[in-house]
Amino acid sequence: MKLDTSGFETTMPVIGFGSSSEMLDGFSSVPSFDLPRTTDFDGFQKKSVEMVKPAKGTTTLAFIFKEGVMVAADSRASMGGYISSQSVKKIIEINPYMLGTMAGGAADCQFWHRNLGIKCRLHELANKRRISVSGASKLLANMLYSYRGMGLSVGTMIAGWDETGPGLYYVDNEGGRLKGDRFSVGSGSPYAYGVLDSGYRFDMSVEEASELARRSIYHATFRDGASGGVASVYHVGPQGWKKLSGDDVGELHYHYYPVAPTTAEHEMAEAT
Amino acid sequence: MSIFEYNGSAVVAMVGKNCFAIASDRRLGVQLQTIATDFQRISKIHDHLFIGLSGLATDVQTLYQRLVFRHKLYQLREERDMKPETFASLVSAILYEKRFGPYLCQPVIAGLGDDNKPFICTMDSIGAKELAKDFVVSGTASESLYGACEAMFKPDMEAEELFETISQALLSSVDRDCLSGWGGHVYVVTPNEIKERILKGRMD
C-alpha cells in the first residue's frame with residue numbers, strides 16, 4: 001500500500017548541491033497552492049473574490065526626486081465601514097535597499113512581498129550582486145500574472161536604489177507593471193495626487209520632499225473615509241532606506257490648521 | 001454599502017439628573033469621500049425638546065423641516081409647546097405614513113417633560129418607538145456606541161459629568177467608524193439653560 005506522503009511536501013523547493021535548478025536562472029518554481037474541491041469552481045472563486053473585496057481602502061504614494069525615492073502611506077485597515085486597525089504597517093521592507101507598499105488585501109501583499117524578498121536574496125547569492133529594482137518588480141509582476149483572475153488583490157509600488165540610481169515601479173494584481181516618477185495607490189489616491197502633483201519639483205531637499213509626502217497623506221486621510229491613522233514617511237537613498245517619520249494624522253490636522261480660541265465659549269440660552 | 005450608510009452618521013442621547021445630553025458627529029460624506037465637516041444633525045424643536053436624525057442626509061433635512069412645521073402649527077392651536085412624549089408619537093405617525101416608501105432616517109428624540117423629567121427615545125425608519133431610561137444610539141457607528149455607552153454610563157449624572165461621558169462615548173465610537181466623525185456636536189440641556197459645544201476630534 002502506498003503511503004500518503006503529501007503532508008511531507010513543502011512549498012519551498014529544496015536546491016540540491018550542484019543541481020542546475022530553475023531557481024538559479026531567475027525563473028523560480030511557483031509556490032504550489034491546493035485548489036478547492038468543489039462542484040462549482042467558478043462560483044466559489046467568484047465568492048472568494050468578493051470576500052477579499054479588492055476595494056483597496058488605503059492611501060500610499062511614492063515619488064522620485066533629486067535625492068532618491070520618498071515613500072509614504074497611511075495605517076488604517078477597514079472592513080466595510082468598520083475600522084479594524086489604525087496601526088497597520090503598509091510599507092514593507094523587502095530588503096535594506098528596497099521597499100514595497102501595501103494596498104489591497106493585506107494577506108496577499110504581505111505574502112507576495114516576503115516571497116519577493118526571498119527571490120531577491122536568492123538572486124544575490126546566485127549572481128554575487130544585488131538585483132535591480134527593474135528585475136525585482138518584474139519577478140513580482142510575472143508571479144502575479146500567473147495568478148490573474150483568481151482574486152488576488154495587490155496594488156503595490158516597488159521603490160529602491162540600484163546601480164542605475166533610484167527606481168520606482170507600480171505593480172498590480174492584473175499583472176500590470178509601470179515605470180514612473182510619481183504614483184499613488186488606493187481609495188485616497190485622488191486626494192493625495194492633488195496635493196502631490198501641485199507641490200512636486202524634482203530638485204527638492206529631503207526635508208521638503210518628506211513634508212510634501214506627509215501633507216499628501218494627511219489630506220487623503222482627511223477626505224477619504226478608508227484612510228487614516230498614522231502617516232509614515234520613508235526615504236530611499238544610495239545607502240538604503242530610512243524611516244523619517246510616523247505622525248498621527250489626528251494631531252497633524254491641528255498642527256496644520258490650529259483652532260483659534262473664540263471669545264464666546266458657550267452659547268447660553270435662557271429657557272422660560 | 002446600504003443606503004443608510006451612504007452619508008454616514010452617529011447620534012447618541014443620554015439621561016442625567018433633571019437634564020439630558022444629545023450629541024452627534026459632524027461629517028457629511030458620499031460613501032467614502034468626505035464632503036463637509038459641519039453638518040447639522042441635531043435640531044431644536046423648542047427649548048426643552050431636541051431631535052437628532054441619522055441616516056440619509058436629504059431625508060434628515062426634509063423630515064426636520066416637516067416636523068418643525070407641524071410643531072409650529074401645534075403651538076398656534078394649543079398656545080403651548082409640545083410635550084416630548086407627544087412629539088415622539090407625532091414623529092412615529094409621520095414615519096409610518098410613509099410605510100411603503102419610507103424616510104431613510106432614524107430619529108433620536110430627547111426632551112424634558114413634566115416636572116423636568118428627562119425623556120429620550122429612538123425609532124427605526126418606519127416609526128417603531130424604543131423608549132429607554134439611560135441612553136439611545138443611532139447611525140453607522142451604533143454598535144460601537146452601544147458598547148461605549150454601556151461601559152461609561154452611570155445613572156443620575158449632573159450636567160458637567162454627563163457632558164464628559166457622552167463626549168467620550170461619541171468620540172471613541174466614531175474613531176472606529178470610517179463613515180462618521182470629523183468632530184462632534186453636543187447639547188446639554190437643563191431646566192434653565194442649553195449648553196452647545198463643538199468637540200475637537202480626529203479628522204481622519
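Named according to an unreviewed UniProt entry, chain B is Proteasome subunit beta originating from Capsella rubella.

An unreviewed UniProt entry annotates chain A as Proteasome subunit beta originating from Capsella rubella. Here is the UniProt Catalytic activity (unreviewed entry) comment for chain A, exactly as written: "Cleavage of peptide bonds with very broad specificity."

### Comments concerning the overall build of chain A
Each helix and strand counted, chain A has six helices and 13 strands in total. Here chain A holds 272 residues, and 45% of them are scored as buried. Here the contacts in chain A between residues at least 6 apart in sequence split such that 62% fall between residues at least 24 apart. Accessible surface, chain A: about 15,000 Å² in total, of which carbon and sulfur atoms supply 55%.

### A look at the sheet that holds strand 2 (residues 68-73) of chain A
All names here are of chain A. Read across the sheet, five strands follow the order 10-1-2-11-12 without closing on themselves; strand pairing throughout is antiparallel. The sheet is open, and its two edges are formed by strand 10 (182-185) and strand 12 (240-248), each paired on a single side. Between one strand and the next, the sheet's axes are offset by a mean angle of 15°, whatever the strand orientation. In this sheet, strand 11 (residues 230-237) lies alongside strand 2 in antiparallel orientation, the contact comprising five bridges. Bridge assignment links methionine 70 to a residue of strand 11, and that residue is histidine 235. Of the strands in this sheet, strand 1 (60-65) and strand 10 touch helix 4 (residues 189-199), which is tilted by about 155° from strand 10. Relative to the sheet, helix 6 (residues 249-256) contacts strand 11 and strand 12, its axis offset from that of strand 12 by approximately 75°.

### Looking at the sheet that holds strand 9 (residues 177-179) of chain A
Residue and element names in this part refer to chain A. The five strands are arranged 5-6-7-8-9 in an open sheet whose pairing can be described as antiparallel. Two strands close off the open sheet at either side, each with one partner strand: strand 5 (91-95) and strand 9. Put simply, the sheet's adjacent strands are angled 25° from each other on average, direction ignored. The pairing of strand 5 with strand 6 (residues 98-101) spans four bridges and is classified as antiparallel. From the neighbouring strand, asparagine 95 faces strand 6, where its bridge partner is methionine 98. Its contacts with the sheet place helix 2 (residues 106-127) against strand 5, strand 6 and strand 7 (155-162), and it is angled at close to 20° to strand 5. Contacts from helix 3 (residues 133-146) reach strand 6, strand 7, strand 8 (165-172) and strand 9, with the element oriented near 5° to strand 8.

### What about the pairing of strand 12 (residues 193-199) of chain B?
Residues and elements named next belong to chain B. As paired elements, strand 11 (residues 184-189) and strand 12 share six bridges and run antiparallel to each other. Looking at the pairing, valine 189 lines up with isoleucine 194 of strand 12. Counting the residues in the hairpin turn of strand 11 and strand 12 gives three residues.

### Regarding the UniProt feature "active site" (unreviewed entry) in chain A
Residues and elements named next belong to chain A. Listed under "active site" (unreviewed entry) in the UniProt record, and renumbered for this structure, are Thr58. Counting through the fold element by element, threonine 58 comes out in the loop between helix 1 (41-52) and strand 1. Sequence-distant contacts of threonine 58, defined by excluding residues within four places in its chain, comprise Asp74, Lys90, Met102, Ala103, Val185, Gly186, Ser187, Gly188, Asp224, Ala226 and Ser227. A polar contact is formed between the side chain of threonine 58 and the side chain of aspartate 74, at a distance of 2.8 Å.

About the criteria used
Residues numbered from 1 in each chain as written. Chains lettered and ligands numbered in written order. Predicted model: local features only at pLDDT ≥ 70, side-chain atom pairs only at ≥ 80, totals over all residues. Heavy atoms only, no water. UniProt positions renumbered as here; feature names shortened; annotations may be inferred. Helix = DSSP H or I, 4+ residues; strand = E, 2+ residues; numbered from the N terminus. Buried < 20%, exposed > 50% of the residue type's maximum accessible area, 1.4 Å probe, protein only. Contact = heavy atoms within 4.5 Å. Areas by Shrake-Rupley, 256 points an atom, 1.4 Å probe, with all protein chains shown as cover. Pairing = 2+ DSSP bridges. Axes fitted to C-alpha atoms, helices over the stretch in contact; angles between N-to-C directions. Polar contact = N/O pair within 3.5 Å; in protein donor to acceptor, adjacent residues only side chain to side chain.

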